Amino acid sequence: MSIIEIKVTLEYVEPAVTRTLQVPGDIRLDRLHLTLQAVMGWTNSHLYMFETEGATWGLPDPDFGGDDLPADKTTLVEVLEDTGARSIRYTYDFGDSWEHRLQIGEFTDPNPGDLYPRQTDISGQCPPEDVGGFPGYEEFLDAMANPKHPEHANLKEWYGGSFDPSTPPADELRFEVLKLAKRWKPKKTIN
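So, how was this worked out
- Residues numbered from 1 in each chain as written.
- Predicted model: local features only at pLDDT ≥ 70, side-chain atom pairs only at ≥ 80, totals over all residues.
- Heavy atoms only, no water.
- Pairing = 2+ DSSP bridges.
- Helix = DSSP H or I, 4+ residues; strand = E, 2+ residues; numbered from the N terminus.
- Polar contact = N/O pair within 3.5 Å; in protein donor to acceptor, adjacent residues only side chain to side chain.
- Contact = heavy atoms within 4.5 Å.
- Axes fitted to C-alpha atoms, helices over the stretch in contact; angles between N-to-C directions.
- Parallel < 35°, antiparallel > 145°, perpendicular 65-115°, else oblique.
- Nonpolar A, V, L, I, M, F, W, Y, C, P; charged D, E, K, R; others polar.
- Phe/Tyr/Trp six-rings, centres within 6.5 Å; stacked < 30°, edge-to-face > 60°.
- Buried < 20%, exposed > 50% of the residue type's maximum accessible area, 1.4 Å probe, protein only.

### Here we look at the sheet that holds strand S5 (residues 69-70)
Pairing between the strands of a sheet comes from backbone hydrogen bonds, and it takes one of two forms, parallel or antiparallel.
So, step 1. The eight strands are arranged S5-S4-S3-S6-S7-S1-S2-S8 in an open sheet whose pairing can be described as mixed. A single partner strand is all that each edge strand has here, and the edge strands are S5 and strand S8 (118-123).

Rendered as structure tokens:
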């Protein structure tokens, strides 16, 4: 199975929040979602959807229905082969609507001994959950950067301390991805 490089960009956010990762082509979209949660630093507390070329994949919602194809039954390589897409939109949290662009990069052979998924590059701190989407994040950044802002103390307490949008917790994020890679590592078969 090929390894696919993906550059993930959180849209409309400054400073830029990007991640580069390598995933097996046969990764199911529900597992790609969990990988994206880990590399971004999200908490997997909301619904999600993948979208490209007019098709969508997500979790079936028994209350609302919908036309999403099942993410747990579709692999990344199937999406790419079926649609010819080189870019996929991933939306997380339909209230805050965090939109991510997944740019498909090189297909390579796996490196012996490497575990996948793998995070290879990281920049920018992901916004906190439930901050109010892009507009709320801008307000959050303004308040956190200005000790005289009327909401500074409240937001600092809500967040749990200072917030530096340029400095992601890289070691923590890499560790979360490694935990997934170890959990999903193919089992060795004994002949």
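### Description of the side chain of Asp 30
So, step 1. Among the structural elements, Asp 30 can be located in helix H1 (residues 29-40).
So, step 2. A distance of 2.9 Å separates polar atoms of two side chains, one belonging to Asp 30 and the other to Arg 28.
So, step 3. Sequence-distant contacts of Asp 30, that is, excluding residues within four places in its chain, are made with Tyr 48, Ala 71 and Asp 72.

### As for the packing of H1 against helix H5 (residues 170-184)
So, step 1. Two elements in contact, H1 and H5, have axes separated by 7 Å at closest approach and are oriented at 155°. When the axis of H1 is compared with that of H5, the two are roughly antiparallel. From H1, Arg 31, Leu 34, Thr 35, Ala 38, Val 39 and Met 40 reach across to H5, where they touch Leu 173, Glu 176, Val 177, Leu 180, Arg 183 and Trp 184.
So, step 2. Partitioning the contact of H1 with H5 into residue classes produces eight nonpolar, one polar and three charged.

### Things to note about the side chain of Glu 11
So, step 1. Examined against the element boundaries, Glu 11 turns out to sit in the loop between strand S1 (3-10) and strand S2 (18-24).
So, step 2. Apart from residues no more than four positions distant in its own chain, Glu 11 is found in contact with Arg 89, Glu 99, His 100, Arg 101 and Phe 134.

### Digging into the environment of Ala 170
So, step 1. Position of Ala 170 among the secondary structure elements: in helix H5.
So, step 2. Here the alpha-carbon distance between Ala 170 and Met 40, two residues 130 residues apart in the chain, equals 9.8 Å.

### Focus: the pairing of strand S7 (residues 98-108)
Consecutive side chains of a regular strand alternate in pointing toward one face of the sheet and then the other.
So, step 1. Inspection of the sheet shows S1 paired to S7 by seven bridges, in the antiparallel sense. When the bridges of S7 are listed, Ile 4 appears paired with Phe 107.
So, step 2. Where strand S6 (residues 87-92) and S7 come together, six bridges link them in antiparallel fashion. Bridge pairing in S7 places Ile 88 opposite Leu 102.
So, step 3. A loop of five residues connects S6 with S7, the two strands running antiparallel in sequence, and Asp 93 in this loop sits at a positive phi of about 70°.

### What about the packing of aromatic side chains?
So, step 1. The tally for this structure, following the rule as stated, stands at 14 aromatic pairs.
So, step 2. Relative to Tyr 90, the ring of Phe 50 has its centre 5.0 Å away and its plane inclined at 40°; by these criteria the two rings are tilted. Taken together, the residues Phe 50 in strand S3 (residues 48-52) and Tyr 90 in strand S6 connect sequence positions 40 residues apart.
So, step 3. Overall, the relative accessible area of 0% leaves Tyr 90 in the buried class.
So, step 4. Between Tyr 159 and Phe 163, the ring centres sit 5.2 Å apart and the planes meet at 90°, which makes this aromatic pair edge-to-face.
So, step 5. The exposure class of Tyr 159 is partly exposed, given its relative accessible area of 30%.
So, step 6. We classify Phe 163 as buried; its relative accessible area is 12%.
So, step 7. One aromatic cluster in this structure is built from Tyr 12, Trp 42, Tyr 92, Trp 98, Phe 134, Tyr 137, Phe 140, Trp 158, Tyr 159 and Phe 163.

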